[in-house]
Structures are given as structure tokens and as C-alpha cells.
Amino acid sequence: RTMAAAPRSFSAAEVRSRCAEGACLVRCRRRLYDLSSFVRLHPGGEQLLRRRAGTDVSDALDGPPHRHSANARRWLEQYYVGEMESGDEQVPPGPWLGGNRGCRESVGCSRTGVSRDLVDWQKPLLWQVGYLGEKYDEWVHQPVDRPIRLFHSDILEYLSKTAWYVVFIVWAPVVLYLSWVSYTSLAQGNTRLFSSFTTEYSIPVHKYYFPFIFLLGMFLWSLLEYLIHRFVFHMKPPASNYYLITLHFLLHGQHHKSPFDSSRLVFPPVPASLVMGFFYGILKLMLPEVLGLSVFVGGLCGYVIYDMMHYYLHYGSPKKGTYLYGLKAYHVKHHFEHQKSGFGISTRFWDHPFRTLIPEETFEKED
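Under an unreviewed UniProt entry, the protein chain has the name Fatty acid 2-hydroxylase and belongs to Nycticryphes semicollaris.

(A) Spatial organisation of the sheet that holds strand β2 (residues 25-28). Pairing in this open sheet of four strands is mixed, and the strands run β1-β4-β3-β2 from one edge to the other. Each having just a single partner strand, β1 (8-10) and β2 make up the two edges of the open sheet. Within the sheet, the average angular offset between the axes of one strand and its neighbour, ignoring direction, is 40°. Direction of pairing for β1 relative to strand β4 (residues 80-84): parallel, over a ladder of three bridges. Looking at the pairing, Ser9 lines up with Glu83 of β4. With respect to the sheet, helix α1 (residues 12-20) is in contact with β1, β2, β3 (31-34) and β4, its orientation differing from that of β1 by roughly 80°.

(B) Just the packing of helix α11 (residues 289-315) against helix α12 (residues 323-336), in detail. Orientation of α11 relative to α12, taken along the N-to-C sense of each, is 80°, at an axis distance of 9 Å. Here α12 runs roughly perpendicular to α11, going by the angle between their axes. Contacts between α11 and α12 involve Met309, His310, Tyr312, Leu313, His314 and Tyr315 from the former and Leu324, Leu327, Lys328, His331 and His335 from the latter. Of the residues that constitute the contact of α11 with α12, the class distribution is six nonpolar, four polar and one charged.

(C) Representation of α12 within the structure. Given a rise of 1.5 Å per residue, 14 residues ought to cover 20 Å, and the 20 Å separating the end C-alpha atoms of α12 matches this to within 8%. Where α12 is concerned, the buried positions are Tyr325, Leu327, Lys328, Tyr330, His331, Val332, Lys333, His334, His335 and Phe336. In the core, the buried residues of α12 are packed alongside α4 (70-77), α8 (210-233), α9 (242-257) and α11.

What counts, and where the lines are drawn
- Numbering of residues begins from 1 in every chain and follows the order in which that chain's sequence is written.
- Local features in this predicted model are restricted to residues of pLDDT 70 or higher, and side-chain atom pairs are both shown and tallied only at a pLDDT of 80 or more, whereas totals for entire chains, interfaces and linings draw on every residue.
- The side-chain numbers reported here are obtained from all heavy atoms of the structure, hydrogens and water having been left aside.
- Note on pairing: two strands pair once DSSP finds at least 2 bridges between them.
- Helix and strand definitions follow DSSP, with helices as H or I runs of at least four residues and strands as E runs of at least two, each counted in order from the N terminus.
- To define axes, lines are fitted to C-alpha atoms, for helices over the stretch in contact only, and angles between the resulting N-to-C directions are given on a 0 to 180 degree scale.
- Pairs of residues are marked as contacts when any of their non-hydrogen atoms sit within 4.5 Å.
- For classification, angles of less than 35 degrees are called roughly parallel, those exceeding 145 degrees roughly antiparallel, those between 65 and 115 degrees roughly perpendicular, and all remaining angles oblique.
- Three categories are distinguished: nonpolar for Ala, Val, Leu, Ile, Met, Phe, Trp, Tyr, Cys and Pro, charged for Asp, Glu, Lys and Arg, and polar for the others, with Gly belonging to the last.
- Here the expected length of a helix is defined as 1.5 Å per residue gap, with one fewer gap than residues.
- The classification of residues rests on relative accessible area computed with a 1.4 Å probe and restricted to protein chains. Under 20% of the type maximum is buried, over 50% is exposed, and intermediate values are partly exposed.

Next up, the structure:
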């Protein structure tokens, strides 16, 4: 059994030099963390994190400018790079290195680093997670910053991942085409509501109604998005059911385990097309064909906006004070602290009537 390498020692001068070159190093007492790869993804914004470069973050973990969850503290340990040389942690505060402000062990400055994981990350995870049993729910909600491989098969693995722009390239032309088909079909004047029940009192659907039907589809999608996210993606599979645990991880657990795996932030087109076909079939059974298509294309547009928004909330850097800035912080809270609430992604609207809104008091103002 190989022995773990001793932590590397860093001098104050070396930390100062690396920060001056653009690195983002922070420390907690003597422990040093390199957040350079995470700086753009930080929910508080890149500028906020860079202002802390080289500083002691012990107080920031448990107090102003915002309180960090236990998962955020564990997350920090992934970037541990070594220890400050003895005595250098007492260097007076400066623009590159802050003074020691009483780092407490409870804050999360663990001396043991990240604990050994319950799975073998060198092998596909999908067939491993089902064996975690009662440990699965806690494990899947402790996020890590590393890519996930699901399948042994390279083909299945390829189909399970996609770049964010592929969703827009594939589905935006479909939305435009189906919108044109829906509008021109309604313009023929042959579409009527309730015609299957009565011809005398059926209601004609004019082409001018198309924008409102389209918006109705987007509205229904936002509700469907919330319901799926809450009741399907966040179901708690029975600890004794290997297959339900595996299904949960495939559908959404993988995203909570590795929330910054850029290849798994949007729905791949092949499985997405199967799901969309299912919902179109339901609308076709419930409504006249053209009307069902009009609702469907609005919902499809809502889905594209949702997926683009979801990617941006993880990888974008919205300007402080904007709607997207608040939505990004809201979604990060869902991932790191409030996994049983905050299910809205493109909008927080449905969290209000369903009483799953993340409490406002958890969002403390930044300096």
C-alpha cells in the first residue's frame, strides 16, 4: 500500500507571486487552496472570489459576505494544494495575503482532506451506485468537481453527453419550422375546438390565436419542468431497490453529484427526442392535431430556453444585481444546501404556490 505524499509547503513570497500571475489562492489558517479552475464558476462572482485571492477565508466560510453550507466547505477541500510555511500564516494582512482571523476546525478547514469515496471513479458509475443502498442519498448530494462516466460502452457514453450549443443548433430550427407549420395550418381556417362533441357549438381557432397558444405551451412547460424536477428527479429511491437508485442517478443524481460537468448540463438530443415524442403523442390525443402541435412547439421553445438557462446558471457570470445573478445564487443554493426545495430553474414562479421556495434569509447580502 503506497503512502500518501506529504503536503507541499508554500512560502508567503510564492503565494504572492502566483496571485500576481493570475492564480486564485486562498488559505484557512495554514491550509492553502488553489481555486483558479473554479473562479469563473463561483456563485458570488469571479470578482468577489478574486478579491479574496491570497486571503484567509476562515471567517468568510461561516459569516459575511455570505454563509457557506457544509457541502461548500467539503467542496473547498478538493482544491487543497498544501500548507503555508510555519510562521507565514501570521503575515500581516495585505492585498495578497490576509492575517489569521481565528480559523476554527468546525468551519471546514479539515486536516484530513477529502475522505475516500464510496465508488471507484476509474470505472463507470451507473452500475456501482445501486449498491450504495442507504448511503446513496447522502452521497449523491455531496457534490464534487470531476467528470462522470456512466457507461462501459463508448457509444452509450457518447449519446449520454452533449455540448450546450448542440441543443440550440438541433432544436431552434425545429421550433421555427413547426411554428410556421402551425400558423399556416391555422390560417386555413379548418381548426375548431370541441368539434368531436358538437359541430353546432364548436369554436373556430384563428391564426391570430397562435402567439397565445404558443405562450400557453411555454407556460405549461414551465409547470411540467417544475413537476418533473421535484417529483421525478428528486424522488428518494428506496435504499433496497438497486434499479430505482440506478434510474435516479441516470436521470438526475449524476448532475447533483457533479454539478459542473459541462457535458451533462443539458439534455442530449437523442433521448430528448424520445421524451418529446411521448408528450407530442399525448397532446395529439387530447387536442385537434394543429392545436396540439401549436401547444407542443411552445413547450419545445420553453424547453430550449430552460436548457440554455440551466447551462448559464452553472457556467455563466451574470452581472451583480441582475435577475440572472439572483437566479444563479438560487440554483446554487439548491445544489449545495436546499436539495428539497428551489426546484425552479428558468423561473422561481412555481416554487411560490407549491411552497418550495428557498428562504430569503439564506441569501445574505454581499459586501
